[in-house]
Amino acid sequence: MYESGVERPSSLWVSQQKMKNQITNALSNFFFEYETPRQVLVRNRRVGVVCRLIQLLVLAYIIGWVFIYEKGYQSTDTAVSSVFTKMKGVGYTKVDGRESVWDVADYVFPPQGDSSFVVMTNYIITEGQMMKTCPELPGKHNCSSHADCEGGKLKRTGHGQMTGMCVNETHTCEVLAWCPIEDDRKIPDPPLLMSAENYTLFIKNSITFPLFGVTRSNLVESVDAKYISQCLYDPKDSPLCPIFRLGDIVNLSGFNFSTIAREGGAIGIVVDWTCNLDLDVKKCKPKYNFHGLYGNPNETDKARASVGYNFRYAKHYMEDSKEKRTLLKVFGIRIDIIVQSLVIIPKCTTDSSVCGIATVVCDLVLLYLLPKREFYKNMKFKYTETHEESFILNTRCFPQQELN
Amino acid sequence: MYESGVERPSSLWVSQQKMKNQITNALSNFFFEYETPRQVLVRNRRVGVVCRLIQLLVLAYIIGWVFIYEKGYQSTDTAVSSVFTKMKGVGYTKVDGRESVWDVADYVFPPQGDSSFVVMTNYIITEGQMMKTCPELPGKHNCSSHADCEGGKLKRTGHGQMTGMCVNETHTCEVLAWCPIEDDRKIPDPPLLMSAENYTLFIKNSITFPLFGVTRSNLVESVDAKYISQCLYDPKDSPLCPIFRLGDIVNLSGFNFSTIAREGGAIGIVVDWTCNLDLDVKKCKPKYNFHGLYGNPNETDKARASVGYNFRYAKHYMEDSKEKRTLLKVFGIRIDIIVQSLVIIPKCTTDSSVCGIATVVCDLVLLYLLPKREFYKNMKFKYTETHEESFILNTRCFPQQELN
Amino acid sequence: MYESGVERPSSLWVSQQKMKNQITNALSNFFFEYETPRQVLVRNRRVGVVCRLIQLLVLAYIIGWVFIYEKGYQSTDTAVSSVFTKMKGVGYTKVDGRESVWDVADYVFPPQGDSSFVVMTNYIITEGQMMKTCPELPGKHNCSSHADCEGGKLKRTGHGQMTGMCVNETHTCEVLAWCPIEDDRKIPDPPLLMSAENYTLFIKNSITFPLFGVTRSNLVESVDAKYISQCLYDPKDSPLCPIFRLGDIVNLSGFNFSTIAREGGAIGIVVDWTCNLDLDVKKCKPKYNFHGLYGNPNETDKARASVGYNFRYAKHYMEDSKEKRTLLKVFGIRIDIIVQSLVIIPKCTTDSSVCGIATVVCDLVLLYLLPKREFYKNMKFKYTETHEESFILNTRCFPQQELN
């Protein structure tokens, strides 16, 4: 194969050898060499003293401030925060000629003023439920014969234990359950408690930054008892008033009240504490932001999975020595109050930038301020090519221009 | 104007021209020049090998530890934490000759052992409320004629829907509401459940750091069943006992029990997990801190907006086929248990400091340990002025002094 | 003492003096000297322009991106997250011949779909409790004579106020309490609501990263109404289905269902949002992890302090104008849904590494690409010893090998 090319393998061999040599050299050089920057040792008292002093300050700063005061490892502080909420307002319903008034003990779940709670705006009530047998609702649990209703079985989406009977009138299985079965096929429209729009929410939020020993409340200095008794939150006019109209909250989150009131939804109120603790602590004030969480009409939620916000709630009672209950399917606005805190403290990165200050300053003194600066420049810099008359720039990360 | 000074404008022009030139030069130099440190290339096998080995170790550390094990981008771990609380103790009240005993199912809201809950210490009870019409409480909703009470309207701070009648006896509007209206104008003093001081709170807290695979519980190794059955938290003597007397919690937060019990308040208990996972995981133990959140007597809260902590809670029942309810205005101590975690792991900053180690060590070897060190010093350093006999200092961020 | 050694103190004195001198020199040198790296000033237009351009880009990046867009001080974003839960399923019990069906309004605490809730799996029921006097349970509160029962005293672990009587039949103190006293000495085994294994939990979680303007829901694009109506979470086959079988949750946390159902326990479900926002936001999907929190059978919890999870819950009612209550000691599975978020954004560390890029690139151009590279090498590097033919390596943190 190599008949006509005697030298070829040979030249190939040579170049291979050469390359091999080069690689060997490169490797041996790589392992046996070491380069280090050349230094100019300046024996000048002024420059030396300035430099040492700056280094000392930096050192003191690092040890004293960063490690002792700030404990070094932590630049942001986890805040201890607590939220207390209180709704006010009364709702009125007239269903089937029966008038009812709903106060805070009836429409807020849970009652104790949690940071996350639900305000009822609509409901389906099923009164006088008792433990007995009755047919399931027509619709999901249809049957044509007793064989379709396996006795003793519990269906996950059913309401009770099947007795094995198929009821003729409804064509559904008979179950042992809280009877009558709740009929939630039709959600009241318009929502029964549209008056919820005028309820107000009072938020009390206290926040502590333990590391900085700072405690703040959303009832800041300007928010006193007199102001609270008459104010109402408005993003522009009263951004610090801690009393919010439910209708405003809904609108600020991008919802339409009558839509959200019908099927329910969730809203996040973010209390944002972005505080620069270098300034007066009184300037550390909260900001309120409103986010629609579920049932956002901007999402095409209708087409998607789960709409609205609802849960079931039962009130048990005894009548004629029998346990009964009133079942409420509650549609409501769930409000989550989320406290966000960010403490801004001017913290230099320890490792490199701070240490570099001394060098930068001393070089500036050496090269631009001392009378012998030209001499030092020549010591420090070795020029490669001369084009035009020269002056020297000390360019670091942020170019510093200097004319002399 | 310039008669007597012919040369002046000329000299001004000259200096302007000079300055212009200088600026042009400076700019062109700035853009066309580049400086780089001069390096000494040391061809010494010992130094070279040492240097490469250290660099290799650093590289292995960075790649292996920082990027693979710690996933590089994360230095602190979000902990998964869960808190379970359980109150114990019995309260006793005697109001209008009627004796009552209050147990945990009656005085803790919510009942299920949440990390945030309220312990009732005082209450205003309104029994047998029914949906009917009755006049509002004297005070806020006064009226002089029927015209003051617009029929069908709901007042935000009222208790129900106005019927349009002004009741002569009380001079207040008549409302459709849960009647009789709760009279909360006088808060029982002393608080009805002063015995709450002796209730105990048991805290069970489990914390998991998923990234480190560490799970800890506040029932640490030394806290066994026998110890729990008899211990009581004390900041000095038993700082790990998870059973707290309510009176102690209140005192440690800086409150006075009888004050806070009367109108309510909020207390944060911080369970602080600051763990150095380099040490034995058994040394990772919780610390309990107590913070007064609302109603702090140190604040001049009286003068300020909202005092105390209370909420309304209703127990519904049926009597003679009519729905009635018992309304409780609950004054209590809200306790928020907040888990804070901080995992300290000795993590070098990757970018600069770690990489610099190789250089520092090699320079030390080169300049202070090798027999030819004087030669290398002369290569590395260029002396500017000689004052006295010299030895060389290698000063980095933290001045390292070396006598030779 | 020093007779035979005249020179000794002298030589000691000399060496002491010498050392003293050396220290003085060292100190004065330390304070009056200053070294700075020697620089090569390259007057080459190509290299200069390249270098300045790169520096400009870096500067623009730092100012524009890091400080304006990311606000510089923040690299991770606190997410605003909200969780809504909904259980489905029916339980059935037959105790003493009485059949009961338990639906979601009866077995979930609290009812409103919180992120932390308890599913009842076992219970001890005490019906018809009234406020009267009765003896304590035999066991803890034994007495032999009336003297052992101090009248009017409340025992922390007791159930009421002692009347001062010791009851002969039970040898326990008589108390004013909700009578009859709950007998919780025997926990039903097997648990009464083993059917809880087939309950399902639906989790709806919405998360917003306000800084990035990104909102995601755990009902991601592929999870539509049709998919939800039929899917069930499986770590491998349907990792995005938001419907979980309670039995699966328990198994995935490392528990055995019948064990945990008997005495209760706590499980954490972590919804993990680790999102790289550089990629399409649709790729930002949740992962579900399950952690056993309390009652973990892997812990030797039996030997340790507190086992299981239970709380007491009372349903009050009126019978014959007397207030009565049904007390439930609920054993259940507490589920905590914890949302974890981590946004990965490719952020260069500002201070040193980014700034270094310009230098590295320019050195590469200077030493390896320019025709005069050999000349520049000689300027930049001063060789100490020559061994073999040379080429130069520019080794920084990550050794970059280059053959020429």
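Criteria and thresholds
Residues numbered from 1 in each chain as written. Chains lettered and ligands numbered in written order. Predicted model: local features only at pLDDT ≥ 70, side-chain atom pairs only at ≥ 80, totals over all residues. Heavy atoms only, no water. UniProt positions renumbered as here; feature names shortened; annotations may be inferred. Helix = DSSP H or I, 4+ residues; strand = E, 2+ residues; numbered from the N terminus. Buried < 20%, exposed > 50% of the residue type's maximum accessible area, 1.4 Å probe, protein only. Areas by Shrake-Rupley, 256 points an atom, 1.4 Å probe, with all protein chains shown as cover. Salt bridge = Lys/Arg side-chain N within 4 Å of Asp/Glu carboxyl O. Disulfide = S-S within 2.5 Å. Contact = heavy atoms within 4.5 Å. Polar contact = N/O pair within 3.5 Å; in protein donor to acceptor, adjacent residues only side chain to side chain. pLDDT = per-residue confidence, 0-100. Phe/Tyr/Trp six-rings, centres within 6.5 Å; stacked < 30°, edge-to-face > 60°. Patch = residues over 30% accessible without salt bridge, like charges linked within 9 Å, V, L, I, M, F, W, Y side chains within 5 Å. Pairing = 2+ DSSP bridges.

Turning to chain A, the UniProt record has this under Subunit (unreviewed entry): "Functional P2XRs are organized as homomeric and heteromeric trimers. Forms heterodimer with P2RX2. Forms heterodimer with P2RX4. Forms heterodimer with P2RX5." Per UniProt, chain A has the following entry under Catalytic activity (unreviewed entry): "Ca(2+)(in) = Ca(2+)(out)".

A. Spotlight on the overall build of chain A. For chain A, the count of helices and strands is eight helices and 17 strands. Relative to its 404 residues, chain A shows a buried fraction of 52%. Carbon together with sulfur atoms contributes 54% to the accessible area of chain A, which is approximately 18,800 Å² in total.

B. Representation of the pattern of salt bridges in the model. With the rule as written, the count across this model stands at 42 salt bridges over all chains. Among the ionic pairs, E182 of chain B bridges to R312 of chain B, the shortest N-O distance being 2.9 Å. Of this pair, E182 of chain B sits in the loop between β9 (172-179) and β10 (200-209) while R312 of chain B sits in strand β15 (residues 310-319), placing them 130 residues apart in sequence. Accessibility assignment for this pair places E182 of chain B and R312 of chain B in one class, buried. Residue R185 of chain B is joined to D183 of chain B by a salt bridge in which the shortest nitrogen-to-oxygen separation is 2.9 Å. Taking relative accessible area as the criterion, D183 of chain B reaches 37% and is therefore assigned partly exposed. One network of salt bridges, in which partners are shared, links E182, D184, R312 and K329 of chain A.

C. Region of the structure containing the state of the cysteines. Residues and elements named next belong to chain B. In the structure shown here, the tally under the stated rule is twelve disulfides over all chains. The disulfide partner of C143 is C166, and the S-S distance across this bridge is 1.9 Å. Between C143 and C166 the sulfur-sulfur dihedral comes to about 95 degrees; the bridge is accordingly right-handed. Taken as a pair, C143 in the loop between β7 (116-135) and β8 (161-167) and C166 in strand β8 lie far apart in primary sequence, 23 residues in all. The disulfide that involves C231 links it to C241, with 1.9 Å between the sulfurs. In this structure the cystine formed by C231 and C241 twists about its S-S bond by roughly 75 degrees; its chirality is therefore right-handed. A residue pair is termed long-range when its members are at least 10 positions apart, and C231 in the loop between α4 (225-228) and β12 (243-245) and C241 in the loop between α4 and β12 qualify at ten residues. Residue class for C231 comes out buried when judged on its relative accessible area of 10%. Look at C241 and you get buried, because its relative accessible area is 0%.

D. Molecular detail of the UniProt feature "binding site: ATP" (unreviewed entry) in chain A. As annotated by UniProt and renumbered to match this structure, "binding site: ATP" (unreviewed entry) occupies K86, M87, K88, T200, N310, F311, R312 and K329 of chain A. For this annotated set, covering 244 residues, the C-alpha atoms extend up to 24.1 Å from each other, a dispersed arrangement in space. By relative accessible area, N310 of chain A is classed as buried at 11%. Contact partners of N310 of chain A, with chain neighbours within four places excluded, come to K329, V330 and F331 of chain A together with F84 and K86 of chain C. A distance of 2.4 Å separates the side chain of N310 of chain A from the side chain of K86 of chain C, its partner in a polar contact. Here K329 of chain A is to be found in strand β16 (residues 322-344).

E. The side chain of R216 of chain C, seen in detail. Residue and element names in this part refer to chain C. With respect to the element layout, R216 can be found in strand β11 (residues 214-217). Among the polar contacts made by the side chain of R216, one reaches the side chain of E221 at a distance of 2.9 Å. Apart from residues no more than four positions distant in its own chain, R216 is found in contact with N205, S206, I207, E221, W273, V281, K282 and C284.

F. Local environment of the confidence of the model for chain A. Residues and elements named next belong to chain A. Averaged over all residues, the pLDDT of chain A equals 77, while 69% of them reach at least 70. Within chain A, no element has a lower average pLDDT than helix α7 (residues 350-369), which sits at 58, and none a higher one than strand β12 (residues 243-245), at 95. A low-confidence stretch, residues 1-7 stays under pLDDT 50, and its non-local contacts, those more than four residues away or across chains, total zero contacts. Confidence over residues 346-355 falls short of pLDDT 50; this stretch has 27 contacts with residues more than four positions distant or in other chains.

G. How the structure looks around the environment of R245 of chain B. All names here are of chain B. Topologically, R245 is positioned in strand β12. For R245, a relative accessible area of 21% gives the class partly exposed. Taking C-alpha positions, R245 is 4.4 Å from T200, a pair spaced 45 residues apart along the chain.

H. Here's a closer look at the packing of aromatic side chains. Scanning all chains against the criterion turns up 30 aromatic pairs over all chains. Geometrically, the ring pair formed by Y107 of chain A and Y199 of chain A is stacked, given 4.1 Å between the ring centres and 10 degrees between the ring planes. Of this pair, Y107 of chain A sits in helix α3 (residues 104-107) while Y199 of chain A sits in the loop between β9 (172-179) and β10 (200-209), placing them 92 residues apart in sequence. A single burial state applies to Y107 of chain A and to Y199 of chain A, both of which are buried. Centroid distance W102 of chain B to Y123 of chain B: 4.9 Å. Interplanar angle 50 degrees. Geometry classified as tilted. On the criterion of sequence distance, the pair formed by W102 of chain B in strand β5 (residues 98-102) and Y123 of chain B in strand β7 is long-range, its members being 21 residues apart. When its relative accessible area of 6% is taken as the criterion, Y123 of chain B is described as buried. What links up through ring pairs into an aromatic cluster is the set Y233, F244, Y288 and F290 of chain A.

I. View of a nonpolar patch on the surface. Side chains of M19, I23 and L27 of chain A sit close together on the surface and give an oily, nonpolar patch of about 250 Å² of accessible area. Locating I23 of chain A in the fold gives a position in helix α1 (residues 7-32).

J. The arrangement of the side chain of R325 of chain C in detail. As for its position among the elements, R325 of chain C is in strand β16 (residues 322-344). Side chain to side chain, R325 of chain C and D103 of chain B meet in a polar contact 2.5 Å long. In terms of polar contacts, R325 of chain C uses its side chain to reach the side chain of D106 of chain B, at 3.0 Å. Discounting chain neighbours no more than four positions away, the residues touching R325 of chain C are D103, A105 and D106 of chain B together with T126, E127, G128, Q129, W178, A314, K315, H316 and Y317 of chain C.

K. Examining the pairing of strand β5 (residues 98-102) of chain C more closely. In this structure, strand β4 (residues 91-95) of chain C lies alongside β5 of chain C, joined through five bridges in antiparallel fashion. Following the sheet pairing, K94 of chain C is matched in β5 of chain C by E99 of chain C.

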